[in-house]
Amino acid sequence: EKMTNPNWNSIIVEDDPGESKLLKTMIRQYCPQVKVLTEVTHVSKAVDCIQKLDPNLVFCNVSLSDGSAFEMIDQLDGFTGHLIFLSKSEQFALRAFRYNAFDYLVKPLTPEVLQDVIGRLTVRASQTDSRSEVAVSKAPKFNTILLHAGGMRYVVQIANIIHLEGDGNYSTVYLAGGEKILVSKPLKYFEDILPAKNFYRVHQSHIVNLENVKSVQNGDTQMINLSNGNSTPLSRRKKDTFLAWLARQ
């Protein structure tokens, strides 16, 4: 069989030795264009390794024994390689894409999934020169968010989100320009990942973007009027903290 020169120098960051070994074996068997430089188990070790070995691809389990993959990336200064996140659940997918992840793979991995992601990565790399790659990784981390809805992926500017309305396991995201996107995620999910300095959960079913609050209306129920003409209720429980929060901004 002809050997292809690996064009991906990768590091595996994974705190479960069994999972790490499995991934390495799968890469060796199915992705000859990927070389595994080393495997590490801790955030602290991963940061050192990435800075020393300068891989252009990192496979990273989201939860590590001494922290999370996101903490690792926060400590890496100007890493321009590609990140592929691995996790047992989809819980952190949106956050991963806010960290410019190339992909987010839910375990258990299969050879098909791995071959597919490396294939797409290779196509992407051949389409972009190194200058634009650097521009992507240097972009502010929290300016866009990825929403999955109706089989589509939408990349949304966080600044364009006016408010979100929750209904059980679904949330409607209202955007500047009048668009709304229904996402099968509970409101709590967005409360956890949207920047807390801009987004406030004003009611059990509503999160608002502070930038879009026009006024707060007194009445039997307090209402918050927003820049798109919509209004949301302000819960009694949240009223004092919300008004104090607004005054601080």
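What this report covers is the structure whose coordinates are included nearby. Small disclaimer: the values here were computed from a predicted structure and weren't measured.

### A short note on the overall build of the protein
Here's step 1: Secondary structure summary: the protein contains eight helices and 17 strands in total.
Here's step 2: Counting across all 249 residues of the protein, residues that qualify as buried make up 42%.
Here's step 3: When the accessible area of the protein is evaluated, it comes to approximately 13,700 Å², of which 49% is carbon and sulfur surface.

### Looking at the packing of aromatic side chains
For any two aromatic rings, the description comes down to two numbers: the centre-to-centre distance and the angle of the planes.
Here's step 1: Going through the model one piece at a time under the given rule, you end up with four aromatic pairs.
Here's step 2: Ring centres of Tyr 189 and Phe 190 lie 5.4 Å apart, and the angle between their planes is 80°; this geometry places the pair in the edge-to-face category. For the pair Tyr 189 and Phe 190, a shared accessibility class is recorded, and that class is buried.
Here's step 3: The lysine or arginine in question, Lys 185, covers the ring of Tyr 189, its NZ or CZ lying 4.8 Å from the ring centre.

### Examining the environment of Thr 80
Here's step 1: Within the fold, Thr 80 resides in the loop between helix H3 (69-75) and strand E6 (82-87).
Here's step 2: Using a relative accessible area of 33% as the deciding quantity, one classes Thr 80 as partly exposed.
Here's step 3: It is 7.2 Å that separates the C-alpha atoms of Thr 80 and Asn 56, two residues lying 24 residues apart in sequence.

### A look at unusual backbone geometry
Most of the time, phi is negative for any residue but glycine, and the peptide bond is trans.
Here's step 1: Of the consecutive residues Lys 107 and Pro 108, the connecting peptide bond is found in the cis state with omega at 0°.
Here's step 2: The residue Pro 108 is located in the loop between strand E7 (103-106) and helix H5 (111-127) in this model.
Here's step 3: Not every positive phi belongs to a glycine, and Asp 54 is a case in point at roughly 45°.
Here's step 4: Within the fold, Asp 54 resides in the loop between helix H2 (43-53) and strand E3 (57-61).

### Some thoughts on the pattern of salt bridges
Here's step 1: Enumeration over the complete set of coordinates arrives at seven salt bridges.
Here's step 2: Linking Lys 107 and Glu 14 is a salt bridge whose minimum nitrogen-to-oxygen distance equals 2.8 Å. With Lys 107 in the loop between E7 and H5 and Glu 14 in the loop between strand E1 (8-13) and helix H1 (17-30), the pair connects residues that are 93 residues apart, well separated along the chain.
Here's step 3: Note on Glu 14: relative accessible area 3%, which makes it buried.
Here's step 4: For Lys 88, the salt bridge identified is with Glu 19, shortest N-O distance 3.6 Å. Taken as a pair, Lys 88 in the loop between E6 and helix H4 (93-98) and Glu 19 in helix H1 lie far apart in primary sequence, 69 residues in all.
Here's step 5: Since its relative accessible area comes to 60%, Lys 88 is described here as exposed.
Here's step 6: Overall, the relative accessible area of 22% leaves Glu 19 in the partly exposed class.
Here's step 7: A single network of salt bridges, built from pairs that share partners, joins Glu 14, Glu 19, Lys 88 and Lys 107.

### Structural notes on the nonpolar core
Here's step 1: Core analysis: the biggest nonpolar cluster contains 46 residues, and Met 72, Phe 85, Ile 145 and Phe 190 have the highest contact counts within it.
Here's step 2: Ranked by the residues each element gives to this core, the list is headed by H2, at five residues.
Here's step 3: Filtering out sequence-adjacent residues up to four positions away, Phe 190 remains in contact with Leu 94, Ile 145, Leu 147, Leu 164, Ser 171, Val 173, Val 183, Lys 185 and Ile 207.
Here's step 4: Within the second largest apolar cluster, 19 residues are counted, among which are Ile 12, Ile 27, Leu 114 and Leu 121.

### Examining the sheet that holds strand E12 (residues 180-183)
Here's step 1: Pairing is antiparallel in the open sheet, where five strands are placed in the order E12-E11-E10-E14-E13. Looking along the sheet, the strands with just one partner apiece sit at the ends: E12 and strand E13 (199-203). With strand direction ignored, the average angle separating the axes of adjacent strands in the sheet is 20°.
Here's step 2: Here strand E10 (residues 161-167) runs beside strand E11 (residues 170-175); their pairing, made up of six bridges, is antiparallel. Bridging from a neighbouring strand, Gly 166 pairs with Ser 171 of E11.

Rules used in this analysis
- Residues numbered from 1 in each chain as written.
- Predicted model: local features only at pLDDT ≥ 70, side-chain atom pairs only at ≥ 80, totals over all residues.
- Heavy atoms only, no water.
- Helix = DSSP H or I, 4+ residues; strand = E, 2+ residues; numbered from the N terminus.
- Buried < 20%, exposed > 50% of the residue type's maximum accessible area, 1.4 Å probe, protein only.
- Areas by Shrake-Rupley, 256 points an atom, 1.4 Å probe, with all protein chains shown as cover.
- Phe/Tyr/Trp six-rings, centres within 6.5 Å; stacked < 30°, edge-to-face > 60°.
- Lys NZ or Arg CZ within 6 Å of the ring centre and 35° of its normal.
- Salt bridge = Lys/Arg side-chain N within 4 Å of Asp/Glu carboxyl O.
- Core = buried A, V, L, I, M, F, W, Y, C linked by side-chain atoms within 4.5 Å.
- Contact = heavy atoms within 4.5 Å.
- Pairing = 2+ DSSP bridges.
- Axes fitted to C-alpha atoms, helices over the stretch in contact; angles between N-to-C directions.

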